[in-house]
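So the chains spell out like this:
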Amino acid sequence: MVDVNSVERFLQNNDIRPSAPRVKIMEYLLVHRNHPTVDQIYSDLKDELTSLSKTTVYNTLKLFVERGITLLINIEDNETRYDADTSVHGHFKCRSCGGVFDLSIRSDMFQLSGIENFEVEEYHLYLKGICRVCKERVCS
């Protein structure tokens, strides 16, 4: 995982010009870890970057995904989120609070059949339910 203090160098190393919006958006992804949407990022950064537009946020995230430094998470059809953690992991979305949480995945946990002679290039694990905090709130 990249350090917030070295974002400019990290972007340069990935052939991305480190403009102010790009640096701020990557810093946001690294600091908040909340799997934000374009709207969330725009809303949180627009006062700090007065010339920021949703189009800039969208295009920056598209570039980050293309360069492999950000994951596009599409747990539900109407909601695209982004994650700076590009390691292999899964996601859990709470139906109550809407939060998205990271899950550790062990590839040896899965017994897949029917894909012999296939070359798997990527996989995604998305779970939905009620998170621990919301469950405790209901049970209390």
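Since the structure is predicted, the reported quantities are computational estimates derived from the model, not experimental observations.

Cut-offs and rules
Residues numbered from 1 in each chain as written. Predicted model: local features only at pLDDT ≥ 70, side-chain atom pairs only at ≥ 80, totals over all residues. Heavy atoms only, no water. 1 Å grid on protein atoms, 1.4 Å probe; cavity = no way out; pocket = protein on both sides within 12 Å on 5 of 7 lines; lining within 4 Å. Points joined across faces, edges and corners; volume = space filled by probe spheres on them. Helix = DSSP H or I, 4+ residues; strand = E, 2+ residues; numbered from the N terminus. Nonpolar A, V, L, I, M, F, W, Y, C, P; charged D, E, K, R; others polar. Buried < 20%, exposed > 50% of the residue type's maximum accessible area, 1.4 Å probe, protein only. Contact = heavy atoms within 4.5 Å.

Participant: So what exactly am I meant to see when it comes to the layout of surface pockets here?
Facilitator: Here the idea is plain: a probe the size of a water molecule rolls over the atoms and shows the empty space left. A volume near 320 Å³ is recorded for the largest pocket. In terms of lining, the largest pocket is formed by 17 residues, of which the most central are Leu-71, Thr-86, Glu-122, Tyr-123 and His-124. The set of elements that each furnish at least two residues to the lining of the largest pocket consists of strand S1 (71-76) and strand S3 (89-94). A total of 3 residues in the lining of the largest pocket trace back to one element, the largest contributor, which is S1. Partitioning the lining of the largest pocket into residue classes produces 9 nonpolar, 7 polar and 1 charged. In this structure, the second largest pocket occupies an estimated 170 Å³ of space. In this structure, the second largest pocket is lined by Ser-107, Phe-110, Leu-112, Ile-115, Val-120, Tyr-123, His-124 and Leu-125.

Participant: Honestly, the side chain of Thr-70 in this entry has me stumped. Any pointers?
Facilitator: Within the secondary structure layout, Thr-70 lies in the loop between helix H4 (54-66) and S1. Of the residues examined, Thr-70 reaches a relative accessible area of 2% and is grouped as buried. Apart from residues lying up to four places away in sequence, Thr-70 is in contact with Met-26, Leu-29, Phe-64, Val-65, Tyr-82, Asp-83, Ala-84 and Thr-86.

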